[in-house]
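Report on the structure
Okay, here's what each chain looks like letter by letter:
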Amino acid sequence: MLPDRTGYIVWVSDLKAARSLERFGTVHYMSRKMHYVVLYMNAERAEESVRQMGKLPYVRKIERSYRNEIKTEYSKDSEDKTRFYSL
């Protein structure tokens, strides 16, 4: 069974040093222009890992990703208006 995963956006000041964040979880994306790292880790160890990451000198800010809480299933309550706008 797959463990629950939690995403974090870690804002860093040094991208070269940010490569070492792989020990906390899976690095999904590193932005060179905006200096952030998208990181996924097991939810059960997330609090401890965030505490350890916050102590690193190159980490500026850590934000939790709300992607898994966003509703992705949509219902079609209104009628289709494509016929109304077509010629």
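Residues numbered from 1 in each chain as written. Predicted model: local features only at pLDDT ≥ 70, side-chain atom pairs only at ≥ 80, totals over all residues. Heavy atoms only, no water.

1. What about the overall build of the chain?
When helices and strands are counted, the chain shows 3 helices and 4 strands. When the elements of the chain are put in sequence order from the N terminus, they spell out β-α-β-β-α-β-α. Relative to the globule expectation of 12 Å for 87 residues, the C-alpha radius of gyration of the chain, 19 Å, shows a markedly less compact shape. Along the longest, intermediate and shortest principal axes, the C-alpha atoms of the chain span 60 × 35 × 20 Å. Taken over 87 residues, the chain has a buried fraction of 29%. Nonlocal contacts in the chain, meaning residues at least 24 apart in sequence, comprise 62% of its contacts between residues at least 6 apart. Accessible surface, the chain: about 7500 Å² in total, of which carbon and sulfur atoms supply 50%. (Helix = DSSP H or I, 4+ residues; strand = E, 2+ residues; numbered from the N terminus. Rg over C-alpha atoms; globule rule 2.2 N^0.38 Å. Buried < 20%, exposed > 50% of the residue type's maximum accessible area, 1.4 Å probe, protein only. Contact = heavy atoms within 4.5 Å. Areas by Shrake-Rupley, 256 points an atom, 1.4 Å probe, with all protein chains shown as cover.)

2. Some thoughts on the pairing of strand β2 (residues 26-31)
Successive residues of a regular strand alternate their side chains across the two faces of the sheet. As defined by bridge partners, β2 adjoins strand β3 (residues 36-42) across 5 bridges and the pair is classed as antiparallel. The residue bridging Thr 26 from the neighbouring strand is Tyr 40, located in β3. Hairpin connection from β2 to β3: 4 residues lie between these consecutive antiparallel strands, with His 35 at a positive phi of about 60 degrees. (Pairing = 2+ DSSP bridges.)

3. A word on the nonpolar core
Val 10, Val 12, Leu 21 and Met 53 are the most contacted members of the largest nonpolar core, which has 15 residues in total. Those elements that provide at least two residues to this core are β1 (5-12), α1 (15-18), β3 and α2 (46-54). Ignoring sequence-local partners within four residues, the contact set of Met 53 consists of Val 10, Leu 21, Phe 24, Leu 39, Met 41, Val 59 and Ile 62. (Core = buried A, V, L, I, M, F, W, Y, C linked by side-chain atoms within 4.5 Å.)

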